[in-house]
Amino acid sequence: MASVIYQVVESNRTYVDQIYSPDQEKCFDALVQLKNSVIGSNKQKSAVIQLGILTRLIRILNDEKSSPELLVETAVILGSLAKGTDEHVCSLVDAGVIPALLNGTRCVLEHHCVMNYKMAGFRPSLEPEENVAPSITHPCQRYVEACLRCLRTIFGSSCAPVSVLYQDSNIIPHLIHLIPQSIYNQECITTILTHCCQTPEQQTILCNSGAIQATAALLCSPVYRVQMPSLNCLAQMCHKNEKVSNAASTASFGGKSIPDILVGLLARDKPNEMQLASAKCLTYICRAGAISPEDPKILYKALSCLVRMCKKDKLCNERITAAETLSYLIDVDTELQRVASISDHLISSLTEFLKYQPDPTLSAGGSSVVSLTHMKKVNFEMKLALEMKQAAFKAFASLGSNDEDIRKRIIDTDSLMDHIVSGLSDGNAKVSLAAVRCLHSLSRSVQQLRTTFQDHTVWKPLMQLLHGAQDDILIVASSTLCNLLLEFSPSKEPILESGAVDLLCSLTCRDDPSLRLNGIWALMNMAFQAEQKIKSQILNSLGTDQIFRLLSDSDVNVLMKTLGLLRNLLSTKPHIDYIMGLHGKQIMQAVILILEGDHNAEVKEQALCILANIADGDSAKNFIMSNEDVLKKLASYMMHTNIKLQIAATFCISNLIWNEEEGALERQIKLRELGIQKLLQQMLNTNDTTLFDKVKTALQQFT
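Calculation criteria
Residues numbered from 1 in each chain as written. Predicted model: local features only at pLDDT ≥ 70, side-chain atom pairs only at ≥ 80, totals over all residues. Heavy atoms only, no water. 1 Å grid on protein atoms, 1.4 Å probe; cavity = no way out; pocket = protein on both sides within 12 Å on 5 of 7 lines; lining within 4 Å. Points joined across faces, edges and corners; volume = space filled by probe spheres on them. Helix = DSSP H or I, 4+ residues; strand = E, 2+ residues; numbered from the N terminus. Nonpolar A, V, L, I, M, F, W, Y, C, P; charged D, E, K, R; others polar. Buried < 20%, exposed > 50% of the residue type's maximum accessible area, 1.4 Å probe, protein only. Contact = heavy atoms within 4.5 Å. Axes fitted to C-alpha atoms, helices over the stretch in contact; angles between N-to-C directions. Parallel < 35°, antiparallel > 145°, perpendicular 65-115°, else oblique. Left-handed = near helix turned anticlockwise from the far one by under 90°.

**Q** How do you make sense of the layout of surface pockets when you look at a structure like this?
**A** A water-sized probe rolled over the atoms picks out the places where empty space is left. Its boundaries defined by the atoms lining it, the largest pocket holds a volume of some 710 Å³. If you trace the largest pocket, you find 26 residues lining it, with Ser327, Asp331, Lys394, Ser398 and Arg437 closest to the centre. Put simply, the parts of the chain that give the lining of the largest pocket at least two residues each are helix H17 (272–287), helix H19 (316–330), helix H22 (372–399), helix H25 (429–442) and helix H29 (471–484). Counting residues per element, the lining of the largest pocket draws most heavily on H25, which supplies 6 residues. Looking at the lining of the largest pocket, its residues break down into 7 nonpolar, 10 polar and 9 charged. Approximately 320 Å³ is the volume attributed to the second largest pocket. In this structure, the second largest pocket is lined by 15 residues; those nearest its centre are Glu493, Leu496, Glu531, Lys533 and Ile534. Secondary-structure elements contributing two or more residues to the lining of the second largest pocket are helix H30 (492–497) and helix H33 (532–542). In terms of residue class, the lining of the second largest pocket is made up of 6 nonpolar, 3 polar and 6 charged.

**Q** Would you mind showing me how to read unusual backbone geometry here?
**A** The general pattern is negative phi for most residues beyond glycine and trans for most peptide bonds. Positive phi is not limited to glycine here, since His345 has a value of about 55°. Along the chain, the position of His345 falls in the loop between helix H20 (334–341) and helix H21 (346–354). With relative accessibility at 61%, the residue His345 sits in the exposed group. Backbone geometry at Gln529 places phi at a positive 55°, although glycine is not the residue there. Note on placement: Gln529 falls in the loop between helix H32 (513–527) and H33. Overall, the relative accessible area of 63% leaves Gln529 in the exposed class.

**Q** What is the right way to read the side chain of Thr194 from this model?
**A** Mapped onto the elements, Thr194 comes out in helix H11 (residues 183–195). What Thr194 contacts, discounting residues up to four positions off in sequence, is Pro229, Asn232, Cys233 and Gln236.

**Q** Just checking my understanding: could you explain the packing of H21 against H22 for this structure?
**A** Angle between the axes and distance between the axes are the two parameters that describe a pair of packed helices. As a packed pair, H21 and H22 sit with axes 8 Å apart at the nearest point and diverge in direction by 150°. As summarised for this structure, H21 and H22 are arranged roughly antiparallel, according to the angle between their axes. With respect to the hand of their crossing, H21 and H22 are arranged in left-handed fashion. Touching Leu346, Ile347, Leu350, Thr351, Phe353 and Leu354 of H21 are Met388, Lys389, Ala391, Ala392, Phe393, Ala395, Phe396 and Leu399, all from H22. Of the residues belonging to the contact of H21 with H22, the class tally is 12 nonpolar, 1 polar and 1 charged.

**Q** Please explain the environment of Cys27 as it appears in this structure.
**A** Structurally, Cys27 can be placed in helix H3 (residues 24–38). Residue class for Cys27 comes out buried when judged on its relative accessible area of 0%. Along the chain, Cys27 and Glu87 lie 60 residues apart, while their C-alpha atoms are 27 Å from each other. Ignoring any residue separated from it by four or fewer positions in sequence, one finds Cys27 in contact with Gln18, Ile19, Ser21, Arg56, Ile60 and Leu70.

Here you go:
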C-alpha cells in the first residue's frame, strides 16, 4: 500500500498539492482531477484515504467561504469514495463525514440560496425528470443532492452508524422537509430512511415526523425510481409495528388511502418488482393487525399477486421474494393458508424451487484458469440455489402449519421429504433453519409421524443438527423433536437409543427459556407410558436439584411441563412405588412447594394430579398419609371455589381410600377423623356433573 500511495503522490503531485490551495479556482481544478482518478478504482480510493485527504475534503464542506461549485465537487468525491468497500465507508465515518454532509443539507441552503419549504400538505414533484423546474439546477440544490447521494451510499453500508440520525431530534424532520425539493431528494431520502429504520423506536420517530404522509404522496409519483424506494421505506416502517401500520392504513393522498394506492400498484401492468414491494407493504400492514386477513385487498389482491410471482416464468429473485413474503402473510391465518394452497398450483410452483440448479454453462470446462468474473457468476448461482431452497421451505412450513389435508398434499409432493432431509444437513445455516421449520410444521401430523417420517428416518439428521447448532436452529429442532417423541411415533425408540435423554436434560439448563421449555417438554413426551428404565434414566440424568430449579422457573410454561413430566413419571403402580421409593421425599417437597406457592389454578391442578398419581401407588400412598399437612391441604382444595381443583383433590382422596386395596380401612378411618367424609357429603350439592361423579365415587369407598 505504501508504494501505491507513493506512486499516487508522485504521479499527481501537482493536483494533490493544489487541493490544499487557498485559491478556490485552483482547488476546484484539483478536485476535478481527484474525482476522475477515484471513479471506478478501489485502489485509488484507498490511496486517497491513506494520504489523509479526507480531512481536507471535510474542511472544505465546513468552510462557510467555500463556493457552491467547490462544495458540490467535494461532496461528489466523497460519494465516489463511499461506493468503494466497507473499509472505505468506515474511514469516511471515522473521519466525521456524516455530520458534515448533514450540515451541508441544512446550513448551505441557509447561506447560499432561498428555498421555499411547504410541508403542510406538500406535494412531491410529479413531473418527469426532464421537466422539473429549473430551480433544482441551482448550485446549492445540486450540493444538497450530492450530500444526500453520498449519505445514501454510506447508510447502505453495514458499518454505517444508523443512530447518528436520531441523536438530534431535528435531523429526521429536516430530511422529510427536503423531500419536495426534487426527484433526487425523494429518491435519496426515502432510501436513507429505509436503511435507518431498524427498531420500533425508529419506526415511531419516522411516523411521528411525517414520513407516512410523505410516503403516501411519493407512491403516487410517476417516477419509478421514486416509487420503489418509497415502497421499501413504507414496508420497513410498518414491519411488526401496529401503531405505524394503523397510521399507514388510514393515511391518504389525493383522496385515496395508502392500502388503495398499494392495490393500484399491484396491477399486472406494473413492473414485477413494484408488484412485489406493494404486496409486501400490504402483508406487513396486515400482519401488524391494521388490515384484516379477510379484507379483499389481502385475500384477493396481495395473496393472489404473491402466488402468481412464485411461478416458474418469473425471475429467481422475484420468486424468492414472493415465496418469503407469502410465508409471512399466511403464517398465522388458517383461511389464508387454505386459499393459498388451492391457488394457481402453488404447491407445484414451490416444488420447482427445490429443483433449481445453477447454470451448467458456468462450469469451468476443464480450464485451469478461471476468471474472477466467472467465479462471481458461479458463486451467485450457488447462492441463488440456496435462497430458492430456503424460500420454498419457509412457504411450505407456513402452508402446512395447521391443516392436515394441506400437510398431506405437501408431503405427497415428489421427493419433498428427501429435499428436507438434505436441507437439514446443509452447510448453510439459513437453509438448515428453514428446512427444520418445514419439518416442524409437517411433524404436527399424526399420520405422517407414523408413516412418512419413519420411512425417511428424519430423526437421524435432526439429532445431528441438535449437536452444536446455533440457538435459533436448536429451538426449532428441539421443538420438532418434541413431536417425534410422542407415544405413537415410531421414531421415539431410536431417538432414545441415540442419547436424546442427556441432550434434552442439558437443554433444560440453558439460559434461553424456549430451549428450557422444549427440553422439558420433550422429556415429558418421552416419559409418557415409558418403561421404568427410561423413567429412571430421565430422573438420574435430570436430577432432583434441576427439577426444583425448573419448578421455580420464571416461565410458567416451563413450570407446567415440569409438572407434566412428574405426572408421566409417576404412572402405573410399579413405577410409582419404585420412583417414590428412590425420590419420594424430594418429590413431595416439590409438590408442596407448588401448592403453597403463588401460582394460578392450572399450575396447582397439575400438582394435585401428581398427588393423585402418588395416591394410586401401593407403598407410595404412605408419603401422603403420613403427612397430615398435605392431607389438610387436600381438604382445603376440596372446598376451593375452582371446580377443577376440587375435582383433582377429590380424585386424590378417592385413590387413597380405594376399598379394594390393602390398608384401605385404616386410611378411611384416618380421613374420616379429619372430616374428609363430611366434606364429601357436603359436596354432593354441587351442580357440576364431573365433580358430583367424583364425590359419589369417593363416598362409595367408605365402608
